[in-house]
Amino acid sequence: MKSNKHSFFILMNASLGLLTCFVYLYTWVAFSFMESMFSWEPLLSLAGSLTIFILWNMYMLKKEAKRYWAQAVFSYLASIAVFAYFLT
């Protein structure tokens, strides 16, 4: 994978991780604020975000080695962890 494409790939996965956090929190606040964070609407938004993440990486990594999936998952989860850290 070329350097520019690899940088865009990592940045996009980190952005998808942050987008997942924002969409999850937005749907929780909008639909079930005083209920549990594990109600249907936020979980459906989480499933949708994960689907977008998987489809994006399937498109980007269709001709690449499988080791890039580990980088994709790490950058996705790391951005979620950083968001959660600064949220507290």
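Scroll up to find the structure.
Values in this document were obtained by computation on a predicted structure and should not be read as measured data.

> What's the story with the side chain of T20 in this structure? I'm lost.
Here T20 lies in helix 1 (residues 3-32). In this structure T20 comes out as buried when scored by relative accessible area, which is 4%.

> Looking at this model, I keep getting lost on the nonpolar core. Mind explaining?
Nonpolar side chains in soluble globular proteins tend to be buried together. With nine residues, the main nonpolar core is built from F9, L16, F53, W56, M60, L61, Y68, A72 and Y76. Secondary structure elements with two or more residues in this core: helix 1, helix 2 (40-60) and helix 3 (67-87).

> Which parts of the structure should I look at to understand empty space enclosed by the protein?
A probe as big as a water molecule, rolled over the atoms, marks out the empty space that is left. Under the definition given, this model contains one cavity of 30 Å³ or more. Reported here for the largest cavity is a volume of approximately 30 Å³. Lining the largest cavity we find L16, L19, T20, S49, I52 and Y76. Sorting the residues of the lining of the largest cavity by element identifies helix 1 and helix 2 as the ones contributing at least two each. Here the lining of the largest cavity is built from residues that sort into four nonpolar, two polar and no charged.

> Before we go on, may I ask you to explain the packing of helix 1 against helix 3 in this structure?
Interaxial distance between helix 1 and helix 3 falls to 8 Å at its minimum, and their mutual angle equals 45 degrees. Taken together, the axis directions place helix 1 and helix 3 in an arrangement best described as oblique. Taken as a pair, helix 1 and helix 3 cross one another with a handedness that is right-handed. Here H6, F9, I10, N13, A14, L16, G17, L18, T20, C21, F22 and L25 of helix 1 lie close against helix 3, whose contacting residues are Y68, Q71, A72, S75, Y76, S79, I80, F83 and L87. Among the residues making up the contact of helix 1 with helix 3, the classes are represented as 14 nonpolar, seven polar and no charged.

> What am I meant to see in the packing of aromatic side chains here?
Each aromatic ring pair is characterised by the separation of its centres together with the angle its planes make. Across all of its chains, the model carries six aromatic pairs by this definition. Ring geometry for W56 and Y59: centres 6.4 Å apart, planes at 45 degrees, overall tilted. Taken together, the residues W56 and Y59, both in helix 2 and three residues apart, mark about one turn of the helix. Overall, Y59 belongs to the exposed group, its relative accessible area being 53%. Among the aromatic side chains, those forming a connected cluster through ring pairs are F8, W56 and Y59. Between the NZ or CZ atom of R67 and the centre of the ring of Y68, over which it lies, the distance is 4.7 Å.

Parameters at a glance
- Residues numbered from 1 in each chain as written.
- Predicted model: local features only at pLDDT ≥ 70, side-chain atom pairs only at ≥ 80, totals over all residues.
- Heavy atoms only, no water.
- Helix = DSSP H or I, 4+ residues; strand = E, 2+ residues; numbered from the N terminus.
- Buried < 20%, exposed > 50% of the residue type's maximum accessible area, 1.4 Å probe, protein only.
- Core = buried A, V, L, I, M, F, W, Y, C linked by side-chain atoms within 4.5 Å.
- 1 Å grid on protein atoms, 1.4 Å probe; cavity = no way out; pocket = protein on both sides within 12 Å on 5 of 7 lines; lining within 4 Å.
- Points joined across faces, edges and corners; volume = space filled by probe spheres on them.
- Nonpolar A, V, L, I, M, F, W, Y, C, P; charged D, E, K, R; others polar.
- Axes fitted to C-alpha atoms, helices over the stretch in contact; angles between N-to-C directions.
- Parallel < 35°, antiparallel > 145°, perpendicular 65-115°, else oblique.
- Left-handed = near helix turned anticlockwise from the far one by under 90°.
- Contact = heavy atoms within 4.5 Å.
- Phe/Tyr/Trp six-rings, centres within 6.5 Å; stacked < 30°, edge-to-face > 60°.
- Lys NZ or Arg CZ within 6 Å of the ring centre and 35° of its normal.

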